[in-house]
Amino acid sequence: VLEGNSDKQLLALWHYFSLGRSARDPSGIRTQGTDLRVSERTRVYRGRSRIAGYRGIAVGFPDGINYAFNAQNGTLSALWSGEFVNVSWGGQGSGNFNPRARPVELAQDVAFYRLDKDDAPWPLRPVMDKDNPVNPNPLYPRNLGYQFKGYQLDGEGVPTFMYRTGDVAVEDRAKGVASDELNRLERRLRFDASEAETVYLRALTGKVRPLTPKQFMTDAVRMWVPEGTALLRGEGDTRELLLKLKLPKGKSEVEIRYELLR
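Note that this is a predicted model, so its numbers are computed, not measured.

## A word on the overall build of the chain
A tally of regular secondary structure across the chain gives two helices and 20 strands. Seen through its principal axes, the chain has C-alpha atoms that stretch 80 × 45 × 35 Å. Counting the 262 residues in the chain, one finds 41% classified as buried. Summarising the internal contacts of the chain: among those between residues at least 6 apart in sequence, 55% fall at separations of at least 24.

## Structural notes on the pairing of strand 14 (residues 197–206)
Along strand 14, seven of the ten residues are buried, which leaves the element largely enclosed by surrounding structure. Here strand 9 (residues 112–113) runs beside strand 14; their pairing, made up of two bridges, is antiparallel. Its bridge partner lying in strand 14, Phe112 is registered against Leu201. Here strand 14 pairs with strand 19 (residues 239–247) via nine bridges, running antiparallel. Its bridge partner lying in strand 19, Arg202 is registered against Leu242.

## Quick notes on the sheet that holds strand 18 (residues 230–233)
One key point about sheets: their strands pair by backbone hydrogen bonds, in either a parallel or an antiparallel sense. Read from one edge to the other, the open sheet built from four strands follows the order 9-14-19-18, with strand pairing classed as antiparallel. Strands with a single pairing partner mark the edges of an open sheet, and in this sheet they are strand 9 and strand 18.

## Digging into the packing of aromatic side chains
Using the criterion set out here, one finds twelve aromatic pairs in the structure. Between Phe112 and Tyr163 the ring centres are 6.3 Å apart and the planes differ by 45°, which places this aromatic pair in the tilted class. Linking Phe112 in strand 9 with Tyr163 in strand 11 (residues 159–165), this pair joins segments that are 51 residues apart in sequence. Ring centres 5.9 Å apart and planes at 85° place the aromatic pair Phe112 and Phe191 in the edge-to-face group. One end of the pair, Phe112, is in strand 9; the other, Phe191, is in strand 13 (residues 182–193), and 79 residues separate them in sequence. The burial state of Phe112 is the same as that of Phe191; both residues are buried. One aromatic cluster in this structure is built from Phe69, Phe112, Tyr146, Phe148, Tyr151, Phe161, Tyr163 and Phe191. Lying over the aromatic face of Trp224, Arg257 brings its terminal NZ or CZ to 4.5 Å of the ring centre.

Scoring rules and cut-offs
- Residues numbered from 1 in each chain as written.
- Predicted model: local features only at pLDDT ≥ 70, side-chain atom pairs only at ≥ 80, totals over all residues.
- Heavy atoms only, no water.
- Helix = DSSP H or I, 4+ residues; strand = E, 2+ residues; numbered from the N terminus.
- Buried < 20%, exposed > 50% of the residue type's maximum accessible area, 1.4 Å probe, protein only.
- Contact = heavy atoms within 4.5 Å.
- Pairing = 2+ DSSP bridges.
- Phe/Tyr/Trp six-rings, centres within 6.5 Å; stacked < 30°, edge-to-face > 60°.
- Lys NZ or Arg CZ within 6 Å of the ring centre and 35° of its normal.

Note that every value here comes from positions in space, so none of it alone points to a role or purpose.
Structure, rendered in structure tokens:
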């Protein structure tokens, strides 16, 4: 630097310091983001994300559909098609990720709960902002019976998320499928209950409208749900689709399909 002349180097440093807050970061100080791409094998990346919280997991499929799972609250929180994610490693931990395409954002509140009645309010996650920076309920998911147990990858790299809602063990596996130029996600939930009970799954929120008893949609996504499980609540832009799942003792499963419309 400056031909190794230490006097010139010191003068350059003092000049830089004299610029104060207006000085640009020197080259190499800021971490550059990296685009992660999906090839022939499903790709999984863990990190923080606006669309999946502090324990986010992004999953990308070779067919071009991607989703994010919020492991903090146990919910499928976003879908998008096209390129996978951009990641950066500024700060601590595994870094951040953001979709490389516009995502369809779903609710990040805890996904499973036991309601006293069909019209009881859903327990929403605490929201923090600059006026309220401290989490008023840091045990929010745990207090509602949710426990994350990790995930396993199959031979194709597709993850199965494992968690509990109360005494019910859940295995949650989703697989991307390209069909008729539209991207679909086929999600299979397997349950293992110690006794028969009813749990509710908050499946879709926003401007939800019914098409058939098994099919619902917003402007961005169409969803197929098991027959006889759907409860559509609310009005206008704040509707929510709940699935009332009557689980038998032992093992059972349900399938949900998502189709991206943009």
